[in-house]
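This is what each chain is made of:
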Amino acid sequence: MGLEGTSTNRPVRAVVLGQRSETVRRSNLSAVLRALHERGPQSRSELVTGTGLTRSAIRSLVGELALVGLVTEARAEARGRPGRPSPVVRPVPDGAVALALEIAVDSLAVALVGLGGDVLFLERVDRSRDRASVEATIEALVDLAGSAREVPGRADPLVGVGVAVVGVVRRADGSVAMAPNLGWKDVPLGALLATALAPTAPIAVANEADLGALAELRRGAAIGRDDILFVSGEVGVGGGLITGGRPLTGAAGYGGEIGHIPVRPDGRPCRCGSNGCWETEVGEEALLLRAGLPSDGGRAGVETVMHAAADGDTRALEALADVGRWLGIGLAGLVNVLDPRLVVLGGRLARIHPFVIGPVESELRRRALPAARALVSVVPARLGADAPLIGAAELAFEPLLADPVAVVAERGSALIEASA
Ligand SMILES: [Zn+2]
C-alpha cells in the first residue's frame, strides 16, 4: 500500500475505510470457507457460533461463496423443533480442487482432493529405488498428474498443487536441501515441478511427515488436538511436530528430523552420514534385517514380516518387539521434550502398531517422566500410508482458504461477462 493511497484526490478517510472494509471482508470470507472446508457442512447458526460473525454477515458471505460455486445451501430437515430450521451450508467438492503429489522412497502417489476434503482420485505406484533420480521422478510425476486430470469429469478448477517429499525442505522456495534416502541434495524441486507441470495454480512443497501431521490433525486421528507428534516411518523416519496448534519447523523449515536423533553411538551407519540414528533402529530396513530378510524388501518385505508374526513366527515377533523397544526409547525422549497429548504413528509404523505398542508402552513407563507420560497416548495414523498425500492437498488449499477474494472476484466477473 505505502503512500500511493494518499496521493489521490479522494478523501483520505474514505480510502482508509475502504481498505479496511475490504480487509475485513477478505478475512471473514476466509473464516467461513475455512470452517466449512475443515469441519464440513454446517447450518448458518453453527457458522455464526463458530466464527463469531453476525447472522446477517454470514448470510451475505455465504451468498457470495455460493454465487461462485464454492458452497451450496439447502434447507435443513425440520427436527421437531419450533421455528424455521437454519439452512445447511456445504462445501462443493468440485468447486475447487487440489492436486496432491507424494515422493516416497519406493512409491509415488497422486490425488485430486475436492474442497471439504473429499478424495476424488488417488493412485499410488511402486517404483524401484534405482529410479529415484530427480529427472526420472519428475517425469513420472508429470505422467501421474496427467492421468489424474484426464479422469472424466475431473477437469474441475485447480486451486493449488501440494507436494510431499521424504526430505528436508526449505519452505520459502520448495527446494530440497537433502533427501538422504533418495540420494538428493540441493534439488530445486518446486521450480523444477513448476516448469514440468506448468500448472495454472501455485505449487507448494513440504516435508512428508509435516504434511502427515497436518492431515491427521484435520482429517485423521488427531482432530481437535493442539499438541501432537506425528512419526512417519518407511525407509527413513520423519517427524511432524505440532505444538499449541502450530507446526514446529525451525528457522528455515529444516526442523523435526527426529529420525536422525542419535540413539546408539555404536549403531549402524545412517544415510545422513552419521551412525546410530533413530531410523537405523526403527526404520523399515532395521525391521527387515532383524527378521532375516533383505533390507531393500520395501512394502512387500514388511508384509512378509507381518504375516509371519501373525502365524506366530518367533523371529518375526522378536524383530517387531525389538523395533518396538527402540521406538519406545526414542519416544520417551521426545515425550519428555515436547509433552504431546497424542503420538500418531504413520506410514509403515501404522501398519506394525499392533505388534509394537506393547514394547513402546513399556519403554515409556520406564523412561518418560510420569507427568508427561500420563497424558499421552500412542495411536496409529487413521489415514494410513496416505496421510502425507492428504496433507499435501491441505497445503495446496491454503492460498484459497487464506484469501478466497481473488477466486471469488475472478469467477464473479466471469459470471457477469457470461450474463452480459
Ligand atoms: Zn541419520
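Bear in mind the structure is a predicted one, so any value in this text is a computation, not a measurement.

About the criteria used
- Residues numbered from 1 in each chain as written.
- Predicted model: local features only at pLDDT ≥ 70, side-chain atom pairs only at ≥ 80, totals over all residues.
- Heavy atoms only, no water.
- Helix = DSSP H or I, 4+ residues; strand = E, 2+ residues; numbered from the N terminus.
- Buried < 20%, exposed > 50% of the residue type's maximum accessible area, 1.4 Å probe, protein only.
- Pairing = 2+ DSSP bridges.
- Axes fitted to C-alpha atoms, helices over the stretch in contact; angles between N-to-C directions.
- Donors = N, O, S within 2.8 Å, 3.2 Å for Na, K, Ca; no water.
- Tetrahedral: all angles 85-135°; square planar, octahedral: opposite > 155°, others 65-115°.
- Polar contact = N/O pair within 3.5 Å; in protein donor to acceptor, adjacent residues only side chain to side chain.
- Contact = heavy atoms within 4.5 Å.
- Core = buried A, V, L, I, M, F, W, Y, C linked by side-chain atoms within 4.5 Å.

Caption draft 1: The arrangement of unusual backbone geometry in detail. Of note in this structure, Asp186 is not a glycine but carries a positive phi near 50°. Within the secondary structure layout, Asp186 lies in strand 10 (residues 184-187). Residue classification places Asp186 among the exposed positions, given a relative accessible area of 58%. The phi dihedral of Ala198 is positive, around 40°, even though this residue is not glycine. Turning to its location among the elements, Ala198 is positioned in the loop between helix 5 (189-197) and strand 11 (203-207).

Caption draft 2: Spatial organisation of the sheet that holds strand 10. Ordered by their spatial adjacency, 3 strands build an open sheet running 8-9-10, and the pairing between neighbours is antiparallel. Two strands in the sheet have a free side with no partner beyond their single neighbour: strand 8 (168-170) and strand 10. Along the sheet, successive strands turn relative to each other by an average axial angle of 20°, direction set aside.

Caption draft 3: Here's a closer look at the coordination of the zinc ion. In this structure, His260 (ND1), Cys270 (SG), Cys272 (SG) and Cys277 (SG) serve as the protein donors to the zinc ion, at separations of 2.1 to 2.3 Å. If you look at the zinc ion, its 4 donor atoms make angles of 105 to 119° with each other, and the shape they trace is tetrahedral. Between consecutive donors of the zinc ion, the numbers of intervening residues give the motif H-x9-C-x1-C-x4-C. Using a relative accessible area of 2% as the deciding quantity, one classes Cys277 as buried.

Caption draft 4: Main features of the side chain of Arg219. One can find Arg219 in helix 6 (residues 208-219). In terms of polar contacts, Arg219 uses its side chain to reach the backbone carbonyl oxygen of His37, at 2.8 Å. Beyond its immediate stretch of four places on either side in the chain, Arg219 contacts His37, Glu38, Gly116, Gly117, Leu383, Ile390 and Glu394.

Caption draft 5: Inspection of the nonpolar core at higher detail. Counting residues in hydrophobic clusters, the biggest one holds 39 residues, and the most contacted among them are Val32, Leu70 and Phe397. No other element matches helix 13 (residues 387-402), which puts 8 residues into this core. Counting 37 residues, the second-largest nonpolar core is a separate cluster that includes Ala316, Leu334, Val335 and Leu338.

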